[in-house]
2 protein chains.
Amino acid sequence: MNQQSPSSPSPRTRIRRLAEKASYEQQTLYAVIDEAYLCNIAFNDGTSTHCIPTACWRIGNALYVHGSNGGRLTKILTAGTQVSVAITHLDGLVLARSAFNHSMHYRSAVIYGTFELVEDKQAKIAAMDALMDKIAAGRKHEARPGNAKELAATSVMRISLDEAACKISNSAPSDDEEDMQLPVWAGVLPLAVKHGEPMHADNGSIPTPAYVTGWVKTA
Amino acid sequence: MNQQSPSSPSPRTRIRRLAEKASYEQQTLYAVIDEAYLCNIAFNDGTSTHCIPTACWRIGNALYVHGSNGGRLTKILTAGTQVSVAITHLDGLVLARSAFNHSMHYRSAVIYGTFELVEDKQAKIAAMDALMDKIAAGRKHEARPGNAKELAATSVMRISLDEAACKISNSAPSDDEEDMQLPVWAGVLPLAVKHGEPMHADNGSIPTPAYVTGWVKTA
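Residues numbered from 1 in each chain as written. Chains lettered and ligands numbered in written order. Predicted model: local features only at pLDDT ≥ 70, side-chain atom pairs only at ≥ 80, totals over all residues. Heavy atoms only, no water.

Caption draft 1: Geometry of the environment of Ile41 of chain B. Residue and element names in this part refer to chain B. In this fold, Ile41 is placed in strand β2 (residues 38-44). Counting along the chain gives 13 residues from Ile41 to Thr54, while the straight-line C-alpha distance between them is 7.6 Å. Those residues in contact with Ile41, other than ones at most four positions away along the chain, are His50, Cys51, Ile52, Thr54, Val65, Leu77, Val83, Ser84, Val85 and Phe115. (Helix = DSSP H or I, 4+ residues; strand = E, 2+ residues; numbered from the N terminus. Contact = heavy atoms within 4.5 Å.)

Here it is, written out as structure tokens:
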């Protein structure tokens, strides 16, 4: 994928429904992923199709997830199973003058491909550090690092972001011309993820890190 | 499914990983669904597995979605395709004293089964009214109702909630005994969906409904 310009959609990622909301820009995709803590992974295990939420993060042009060795998700993903990964941020409810023109503000990404196991030990440690950095910048230098046993019990997997598409819906309510004068309130009811007051689990003797004291303000 | 007691998990819904977080209680499932505006539907179309986010709501013991007639999702779902539907609320980041014990607070539901088309016209209208009620109570009496053409162009589909499981993670950080005295901050950084200031799209002459004036307070 070219780093500067939008990629061409594949047959799987070309958005047909509300195509005007489609984006194939890499920066749009990265922004949707980087704001997300969770993704949904769809896969078929040969018997059933499943949809499983799990933590995610991004390094370069790949989405990363991790799992317990021997867990179903790890086994399926490392077997080269074709997957579809969806991430959605809901930004608001769009109230139009007519019932059937109600909609939502959202930013979503859908990724297609297969995961691969991160086998190299240093790459695996770097990937887990990147997850820690996403949770709280600098935390990786404070928390006890994973030991050999913990690292060995965890699988880190990545999927290329080459085959992906975003859909961005952020327009004002859209009503038919003949409905514009109806005496019905129209507008957007915004939704956003906010940070709440941190809950301390320690005995109070530990200095509170800046990413904790500043948590509420960074929402 | 018994209305009062937890259902037995199926082979597909029995949670193996972190099984202590599993819930098969109907009220837990309903609460997770009722708080969600979006679900993720996983399906296989015979060529690929897909994961598609879409609006959802609940009536009784069924989850409802809607789509454009002729759209891919509508065609696939009404063809009796086996699906898995996931809904997740992320409630916080759990910072433990050791890197590998970091986790998240969440409430998730995964549903298995097949969708069926709501063919009866009155049931279809009632389902769309229920969606409007979820967006804003009473709104269905204000907005122009769907006309015959709009109603005919939309498919409403439902899936039974009989085969479903929830996973609820809400514990304090869990560290190994030997890590408890490490000088590392431990606790939870809460995340929650909040309501923002409504954005008016009208000319200001329309009385503002209570669900708009009260929107921020109900977050």
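From this point, the narrative continues.
Caption draft 2: Focus on the sheet that holds strand β5 (residues 62-68) of chain B. Residue and element names in this part refer to chain B. Pairing in this open sheet of four strands is antiparallel, and the strands run β4-β5-β9-β8 from one edge to the other. Two strands lie at the open edges of the sheet, namely β4 (57-59) and β8 (116-117), each paired on one side alone. The sheet contact formed by β5 and strand β9 (residues 154-160) spans seven bridges and is antiparallel. Bridging across to β9, Val65 finds its partner in Met157. Across the face of the sheet, helix α3 (residues 121-135) comes into contact with β4, β5 and β9 while running at roughly 125° to β4. (Pairing = 2+ DSSP bridges. Axes fitted to C-alpha atoms, helices over the stretch in contact; angles between N-to-C directions.)

Caption draft 3: Region of the structure containing helix α1 (residues 26-34) of chain A. Residue and element names in this part refer to chain A. Of all the positions in α1, only Gln26, Leu29, Tyr30, Val32 and Ile33 are classed as buried. Buried residues in α1, looked at end-on, bunch into an arc of 160°, giving them a common side. Tucked inside the fold, the buried residues of α1 contact β4 (57-59), β5 (62-68), β6 (82-95), β7 (103-114), α3 (121-135) and β10 (164-169). (Buried < 20%, exposed > 50% of the residue type's maximum accessible area, 1.4 Å probe, protein only. Arc of directions from axis to C-beta.)

Caption draft 4: Representation of the pattern of salt bridges in the model. Tallying each qualifying case throughout the model produces 20 salt bridges over all chains. Note that Arg97 of chain B and Asp175 of chain B form a salt bridge whose closest N and O atoms lie 3.0 Å from each other. Linking Arg97 of chain B in the loop between β6 (82-95) and β7 (103-114) with Asp175 of chain B in the loop between β10 (164-169) and β11 (187-195), this pair joins segments that are 78 residues apart in sequence. One salt-bridge network, in which partners are shared between bridges, spans Arg144 and Glu150 of chain A together with Asp176 and Asp179 of chain B. (Salt bridge = Lys/Arg side-chain N within 4 Å of Asp/Glu carboxyl O.)

Caption draft 5: Spotlight on the packing of aromatic side chains. Counting across every chain of the model gives two aromatic pairs over all chains. Its end group placed over the ring of Tyr37 of chain B, Lys134 of chain B keeps NZ or CZ at 5.9 Å from the ring centre. (Phe/Tyr/Trp six-rings, centres within 6.5 Å; stacked < 30°, edge-to-face > 60°. Lys NZ or Arg CZ within 6 Å of the ring centre and 35° of its normal.)

Caption draft 6: Seen up close, the interface of chain B and chain A. The interface is formed by 77 residues belonging to chain B together with 77 residues belonging to chain A. In terms of surface lost to chain A, no three residues of chain B exceed Phe100, Arg144 and Trp185 of chain B, which account for 12% of the buried area on that side. The interface formed by chain B and chain A includes four salt bridges. We note a salt bridge from Asp176 of chain A to Arg144 of chain B, for which the minimum N-O separation is 3.9 Å. Per-element accounting of the side of chain B that touches chain A gives the leading share, nine residues, to β11 of chain B. Residues of the side of chain B that touches chain A, tallied by class, amount to 45 nonpolar, 19 polar and 13 charged. With five bridges joining them, strand β11 (residues 187-195) of chain A and β11 of chain B adopt antiparallel strand pairing. Looking at the pairing, Val193 of chain A lines up with Val193 of chain B of β11 of chain B. (Buried area = accessible area lost by both parts, 1.4 Å probe. Nonpolar A, V, L, I, M, F, W, Y, C, P; charged D, E, K, R; others polar.)

Caption draft 7: Spotlight on the relation of the copies chain B and chain A. For the match of chain B to chain A, the screw axis carries a shift of 0.0 Å, the RMSD comes to 0.0 Å, and the turn is 180°. The operation mapping one copy onto its partner corresponds to a two-fold rotation axis. Distance from the rotation axis, computed per C-alpha, reaches its smallest value in chain B at Val193 of chain B: 2.2 Å. Comparing contact sets, 100% of the residues at the interface of chain B also lie at the interface in chain A, consistent with an isologous, same-surface contact. (Least-squares fit on C-alpha atoms with pLDDT ≥ 70 in both.)

Caption draft 8: Region of interest: the pairing of strand β9 (residues 154-160) of chain A. Residues and elements named next belong to chain A. The element β9 is largely enclosed, with a buried count of five among its seven residues. Note: strand β8 (residues 116-117) against β9, two bridges, orientation antiparallel. Opposite Glu116, over in β9, you have Arg158 as the bridge partner.

Caption draft 9: Expanded view of unusual backbone geometry. All names here are of chain A. Notably, Leu18 is not glycine yet its phi reads approximately 55°, a positive angle. Positionally, Leu18 belongs in the segment before β1 (22-23). The class for Leu18 is partly exposed, based on a relative accessible area of 32%.

Caption draft 10: Fine view of the pairing of β6 of chain A. All names here are of chain A. Burial analysis of β6 places 10 of its 14 residues in the buried class, which makes it a mostly covered element. Pairing analysis gives three bridges linking strand β2 (residues 38-44) to β6, with the strands arranged antiparallel. Paired with Asn40 across the strands is Ala86, a residue of β6. Bridging between β6 and β7 involves 12 bridges; their strand directions are antiparallel. Among the inter-strand pairings, Ser84 is bridged to a residue of β7, identified as Tyr112. In the sheet, β6 pairs with β11 via four bridges, with the strands oriented antiparallel. By the bridge assignment for β11, Gly92 is matched with Pro190.

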